[in-house]
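Coordinates in review
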Amino acid sequence: MSNNSNNNNNNINRNNRWMPIIIAVSVVVGIIIGTFFANRFAGNRLNIINTSSNKLNDLLHIIDDQYVDTVDIAAIVEQAMPKIMEELDPHSTYISAKDAQTANDDLKGSFSGVGIQFVIRDDTVRVTGIIKGGPSEKVGILAGDKIVSVDGETYVGDVVTNEETLHRLKGEKGTKVKIGVLRHGQKKPLSFTVVRGDIPLKSVDATYMINKELGYIKIKNFGETTYAELLTSLAELEVEGFKGLVIDLRGNGGGYLSAAIQMVNEFLPKNRLIVYTQGRRSRREEYRSDGRGSYQDLPLIVLIDETTASASEIFSGAIQDNDRGIIVGRRSFGKGLVQQPVEFADGSLIHLTIARYYTPSGRCIQKPYVKGQPKEYEMDLITRYERGEFFSQDSIHQTGEEYKTSIGRIVYGGGGIMPDYFVAEDTTALTPYYTECVTQGTIAQYCFEYTDDNREKLSTFDNAAELEKYLRRQGLVDRFIRYADSKGIQRRNNMILKSQHLFEQAIYGSIIYNILEMNDYIQYLNRNDITLEKAIQLFKAGQTKPTLHDQKGNSRTNSGKKKAAYHRATPIIQPKHQGCIA
């Protein structure tokens, strides 16, 4: 018994002595096999990446250690990151930590702040609007107030910028900020303590009935709350008894893919392809309708233009390729790349392109680009304008492959969504004098000052029609011309006469925007909108369902010979929404 125990113990000891050697050999063999297969199937990419990364790190260490002057390495890295991303594609970007929160606010649908809209005039923050139900409204801050101090410190002069103002007024929910304001008619500053709270950012700018049957919804972007806002807008229009719908995506730069998919789903029958994505490391992923949409048979018209991009192009492409509705306007921007956000420890992040979008017909709508040349890409819209694409369908050159919609209509890849009905931009009333007044901000400045000086009277009007009627009696165009002259813009009578309607629309529209709601402002602009007018004509004619016959006829309808029929005095330069929200 004793001998057997000793023998067993000796065997165990011998096995224990060999065990570390066996484990070490196994690890080495595993490393060799792993390295072989990594090199075999990854083309030594890992080694290349590690080598390049080490090279960059070595360079920074050498600069930090040996350069003649003291260098802020962190600042060099911040400057280099955007340039590295530029070498990939136009939409892979780097966002610094200080800009990351602001970049995400619009799409998240809310942020924490004081609830004001503001512009900066003469080195002073001017409150142009108050968010209803927000913290500032609760304490009594009013539109027209001038912010002169924040948390007891004077806040005027060169230090005042949009970025600095947002930094001082935004903050964690529940925290307090003390704001000092100068108010018209008051000799001394007023002081308000504001408790920061959640400030909603709406992505649906306007919802109203164009006429007794046709509803209208304008969508600014595709954010976290956009689908819910769309459902609310549709419910409002349903109460009004709408029989058809115009969705306006002009100026919509996109946003979340998920929001676009949810929204398209409301209008498509079951199992229709909405979009699919595919990339080098991202396998094909399809998104289809589930058949639960409440508006699958509603006549639908989508408005687009050259600033319609990304998620809004996915929406438009899904409607067009499924022959669900008609697209009216001008060729869209052409952004068909999918970005994935990757956050760094310091709060900065990159948006890295990982795949491409493809519409149901199989076309990629991404317009051509050259890596490392972002300026040429950014100048594309100007190039389109100069070659006449905004004014004639015949000037549009889509060089991509042909694809077919569900009923066999021909569509093209390689550069945005081409509308079913092209509507030319009208520049018949545009003059260099008007353009100078807009681009220098003189119209916006005049309208702000006029609003500020007459806010008490203007605030008595609660709709755009009555306010416009009052403004037309005030001789504002002539008064503006004198104001522009005092700012160094030389008077040109012939050009003023030619652009009279543009000046009226820009001046009245800006004042309406300053006093009333966005919904009122959009309705005012839409009264003279030739693209919307075309949509109304098509709805009345019952042409909201694409057919092969319509496509053949459409090319004739929208040729250069017919273009003049759509001309109305609509400015190519619309008055812009001035200001930030904090």
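Residues numbered from 1 in each chain as written. Predicted model: local features only at pLDDT ≥ 70, side-chain atom pairs only at ≥ 80, totals over all residues. Heavy atoms only, no water.

1. Brief notes about the sheet that holds strand 16 (residues 326-329)
Filter applied, for reference: By the convention used here, strands pair only if DSSP detects at least 2 bridges between them. Per the convention used, a helix needs a DSSP run of H or I reaching at least four residues, while a strand needs a run of E reaching at least two, with both numbered from the N terminus.
Read from one edge to the other, the open sheet built from six strands follows the order 10-11-12-15-16-21, with strand pairing classed as mixed. Only two strands of the sheet have a single partner each, and these edge strands are strand 10 (204-209) and strand 21 (421-422). Across five bridges, the pairing between strand 11 (residues 214-219) and strand 12 (residues 244-248) is parallel. Bridging from a neighbouring strand, Leu214 pairs with Gly244 of strand 12.

2. Some remarks on the confidence of the model for the chain
This is how it is decided: Every residue is assigned a pLDDT by the predictor, reflecting its confidence on a scale from 0 to 100. By definition in these notes, contact holds between two residues if any of their heavy atoms fall within 4.5 Å.
Looking at the chain, pLDDT values average 85 and 83% of them are 70 or higher. Confidence drops under a pLDDT of 50 for residues 31-49, and excluding neighbours within four residues, the segment shows six contacts in the predicted structure. Here residues 552-577 scores under 50 on pLDDT; set against residues more than four positions off or in separate chains, the count is 59 contacts.

3. Here we look at the packing of helix 13 (residues 442-453) against helix 18 (residues 500-515)
Applicable threshold: Working convention: axes come from line fits to C-alpha atoms, limited for helices to the stretch in contact. Angles between N-to-C directions cover 0 to 180 degrees. Orientation categories follow fixed angle ranges, with anything under 35 degrees roughly parallel, anything over 145 roughly antiparallel, 65 to 115 roughly perpendicular, and all other angles oblique. Put simply, a crossing is left-handed when the front helix is turned counterclockwise from the back one by less than a right angle, and right-handed when it is turned clockwise. Under the grouping applied here, Gly and all other residues not named as nonpolar or charged are polar, the nonpolar ones being Ala, Val, Leu, Ile, Met, Phe, Trp, Tyr, Cys and Pro and the charged ones Asp, Glu, Lys and Arg.
For the pair helix 13 and helix 18, interaxial distance at closest approach is 9 Å and the crossing angle is 50 degrees. For the element pair helix 13 / helix 18, the angle class is oblique. When you trace helix 13 past helix 18, the crossing you get is right-handed. Here Ile443, Cys447, Phe448, Tyr450 and Thr451 of helix 13 come into contact with helix 18, specifically with Phe503, Ala506, Ile507, Ser510, Ile511, Asn514 and Ile515. Of the residues belonging to the contact of helix 13 with helix 18, the class tally is nine nonpolar, three polar and no charged.

4. Section: the side chain of Ser312
The criterion, for reference: Per-residue accessibility, obtained with a 1.4 Å probe over protein chains only, is compared with the maximum for each type, and a residue is labelled buried under 20%, exposed over 50%, and partly exposed between these values. Within 3.5 Å is the distance limit for a polar contact, defined as a pair of N or O atoms, with the added protein rule that one can donate a hydrogen and the other accept it, and that residues adjacent in sequence qualify only through two side-chain atoms.
In this structure, Ser312 sits in helix 9 (residues 311-321). Owing to a relative accessible area of 0%, Ser312 belongs among the buried residues under this scheme. Among the polar contacts made by the side chain of Ser312, one reaches the main-chain carbonyl oxygen of Ala309 at a distance of 2.5 Å. The contact partners of Ser312, leaving out residues within four places of it in the chain, are Phe222, Leu249, Asn252 and Gly254.

5. Structural notes on the pairing of strand 5 (residues 146-150)
Here strand 5 lies mainly inside the structure; four of its five residues are buried. Pairing of strand 4 (residues 124-130) with strand 5 involves two bridges; the strand directions are antiparallel. Bridge pairing in strand 5 places Val125 opposite Ile147. As paired elements, strand 5 and strand 7 (residues 176-182) share four bridges and run antiparallel to each other. Looking across to strand 7, one finds that Ser149 is bridged to Gly180. One ladder, built from two bridges, connects strand 5 with strand 6 (residues 153-154); its direction is antiparallel. Residue pairing across strands places Ser149 opposite Thr154, the latter belonging to strand 6. In this structure, the hairpin formed by strand 5 and strand 6 is closed by a connection of two residues, where Asp151 is found at a positive phi of approximately 55 degrees.

6. Considering the nonpolar core
The condition is simple: Throughout this description, the term nonpolar core refers to a set of buried Ala, Val, Leu, Ile, Met, Phe, Trp, Tyr and Cys residues connected via side-chain atoms within 4.5 Å.
Counting residues in each nonpolar core, the largest one holds 55 residues, and the members touching the most others are Ile443, Leu471, Phe480 and Ile507. Here this core takes nine residues from helix 18, the largest share from any one element. Judged by nonpolar contacts, the second largest core, of 38 residues, contains Phe222, Ile261, Tyr295 and Leu300.

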